[in-house]
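One-letter residues, chain by chain:
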Amino acid sequence: MEPNRSTSSDDYAADISSIRQAQVRIEPFAHKTPVLTSETLNSIAGRKLYFKCECFQKGGAFKFRGACNAIYSLDDDQAAKGVVTHSSGNHAAALALAATLRGIPAYIVIPKNAPKCKVENVKRYGGQVIWSEPSMQSREDTANKVLQDTGAVLIHPYNDGRIISGQGTVSLEFLEQASEINTLIVPISGGGLISGVALAAKAINPAIRILAAEPMGADDAFQSKINGKITKLSEVNTIADGLRAFLGDLTWPIVRDLVDDVIVVDDKEIIQAMRLCYEILKIAVEPSGAIGLAAVLSDGFQKNPAYSECNHIGIVISGGNVDLGVLWKSLDK
């Protein structure tokens with residue numbers, strides 16, 4: 001893979017300062033999520049593992065951090081017109097919840113193929129659902145029409161400095177809770193979470209390794225790192241519905257420079273990792289949230305000598321909004 005380039009932090013959409021400001025801004029609203037460990041999983045992995053359980057965050061996923069930071073960054077005049085976004089689920093629910101807390105409307109464009117459980121979360125938290133076709137073009141076109149009709153503020157799911165800064169608060173907490181961590185494994189999709197995590201973690205400990213975990217059926221970040229430019233796929237196919245987006249122009253430079261490697265796993269490995277989370281950690285985890293454990297247990301990680309010193313590994317369990325109907329079907333196969 002292409003070596004990291006020397007790039008000034010001024011080129012990035014966020015930095016450690018904006019992440020620390022986000023932490024102060026969201027502290028009254030967001031949960032400080034627990035870190036779990038398991039001697040059984042340590043034995044299976046041959047490493048000491050630490051699980052940052054964002055499945056216990058408000059809205060059931062890390063996305064509340066960025067959404068809350070973005071909404072509480074708005075001035076009163078901006079906020080009064082509400083916010084709009086397009087999302088397949090967790091960001092949509094998070095934005096709806098944060099908007100409700102501030103008492104402003106949230107217009108949520110959701111593709112028709114979004115998991116039912118995530119759509120129900122949006123409605124539960126007070127978001128106004130507007131349907132689009134599954135394609136990114138349809139999502140963006142529908143959101144633009146809502147913007148024109150309402151004058152609301154667009155809050156992109158990941159390609160937004162306020163979102164990246166909010167997600168970076170995961171690192172501030174995690175490395176305080178488990179300071180011995182020398183490697184972080186984070187799911188990657190649009191890149192908002194791993195961008196914030198990497199910016200904060202590398203500022204705290206420049207030697208820390210940041211590894212992305214990505215599904216084989218949606219490995220655009222892996223290909224982008226190889227090609228040295230954003231690479232989009234003609235189609236994606238993975239059970240991890242939260243990891244089907246492509247990198248944005250704000251997240252890509254951070255991923256390019258600060259993410260040390262991308263570990264690709266298949267859906268069977270993700271499902272097995274989900275099962276371990278349920279059976280051993282006793283937590284509800286969605287496919288996207290289990291992918292970090294899947295990466296650690298994969299042959300690509302276990303048999304790669306480059307990772308031999310990655311012995312204290314922090315894994316971000318990004319969310320727990322699982323469609324149980326899909327889960328039971330997958331376990332019955």
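Anything mentioned here points back to the structure above.
What comes next concerns the included structure.

Rules and cut-offs
Residues numbered from 1 in each chain as written. Predicted model: local features only at pLDDT ≥ 70, side-chain atom pairs only at ≥ 80, totals over all residues. Heavy atoms only, no water. Helix = DSSP H or I, 4+ residues; strand = E, 2+ residues; numbered from the N terminus. Contact = heavy atoms within 4.5 Å. Polar contact = N/O pair within 3.5 Å; in protein donor to acceptor, adjacent residues only side chain to side chain. Salt bridge = Lys/Arg side-chain N within 4 Å of Asp/Glu carboxyl O. Buried < 20%, exposed > 50% of the residue type's maximum accessible area, 1.4 Å probe, protein only. Expected span 1.5 Å × (residues − 1). Disulfide = S-S within 2.5 Å. Pairing = 2+ DSSP bridges. Phe/Tyr/Trp six-rings, centres within 6.5 Å; stacked < 30°, edge-to-face > 60°.

1. Points about the environment of His-86
For step 1, the next point in the chain: Its place among the elements puts His-86 in strand β3 (residues 83-86).
For step 2, the next point in the chain: Leaving out residues up to four positions away in the same chain, His-86 has contacts with Val-109, Met-136, Arg-139, Glu-140, Ala-143, His-156 and Pro-157.
For step 3, the next point in the chain: Side chain to side chain, His-86 and Arg-139 meet in a polar contact 3.4 Å long.

2. Focus: the pattern of salt bridges
For step 1, the next point in the chain: In total, this model carries 13 salt bridges according to the counting rule given.
For step 2, the next point in the chain: Note that Asp-299 and Lys-303 form a salt bridge whose closest N and O atoms lie 3.9 Å from each other.
For step 3, the next point in the chain: With relative accessibility at 65%, the residue Lys-303 sits in the exposed group.
For step 4, the next point in the chain: The network of salt bridges with shared partners includes Lys-52, Glu-54, Arg-65 and Glu-173.

3. Concerning helix α12 (residues 267-281)
For step 1, the next point in the chain: Look at α12: 20 Å from first C-alpha to last across 15 residues, which is about the 21 Å you get at 1.5 Å a residue.
For step 2, the next point in the chain: Ile-270, Ile-271, Ala-273, Met-274, Leu-276, Cys-277 and Leu-281 are the residues of α12 that are buried.
For step 3, the next point in the chain: One or two residues past the end of α12 sits Lys-282, with phi positive at roughly 65°.

4. Considering the state of the cysteines
For step 1, the next point in the chain: Under the counting rule described, the total for this entry stands at 0 disulfides.
For step 2, the next point in the chain: Of the cysteine sulfurs around Cys-53, a residue in no disulfide, the closest is that of Cys-55, at 4.6 Å.
For step 3, the next point in the chain: Given a relative accessible area of 0%, Cys-53 falls into the buried group.
For step 4, the next point in the chain: This cysteine, Cys-68, is not joined by any disulfide, and Cys-55 carries the nearest cysteine sulfur, 19 Å off.

5. Quick notes on the pairing of strand β10 (residues 312-317)
Where a strand is regular, its side chains alternate between the two sheet faces.
For step 1, the next point in the chain: Most of β10 sits out of view: 5 of its 6 residues are buried.
For step 2, the next point in the chain: Two elements, strand β2 (residues 48-53) and β10, share 6 bridges in a ladder whose sense is parallel. Its bridge partner lying in β10, Leu-49 is registered against Ile-313.

6. Quick look at the environment of Ile-194
For step 1, the next point in the chain: Mapped onto the secondary structure, Ile-194 falls in helix α9 (residues 192-204).
For step 2, the next point in the chain: Ile-194 gets classed as buried once you look at its relative accessible area, which sits at 1%.
For step 3, the next point in the chain: Not counting chain neighbours up to four residues away, the residues in contact with Ile-194 comprise Val-186, Pro-187, Ile-188, Ile-210, Leu-211, Ala-212, Val-255 and Val-259.

7. Description of the packing of aromatic side chains
For step 1, the next point in the chain: Under the definition given, this model contains 2 aromatic pairs.
For step 2, the next point in the chain: Ring centres of Phe-29 and Tyr-72 lie 4.3 Å apart, and the angle between their planes is 20°; this geometry places the pair in the stacked category. Here Tyr-72 lies in helix α3 (residues 63-73) and Phe-29 lies in the loop between α1 (16-26) and β1 (35-36), a separation of 43 residues in the sequence.
For step 3, the next point in the chain: Judged by relative accessible area, which is 22%, Tyr-72 ranks as partly exposed.
For step 4, the next point in the chain: Their ring planes at 10° and their centres at 4.8 Å tell us that Phe-301 and Tyr-307 sit as a pair that is stacked. Neither Phe-301 nor Tyr-307 differs from the other in exposure class; each is buried.

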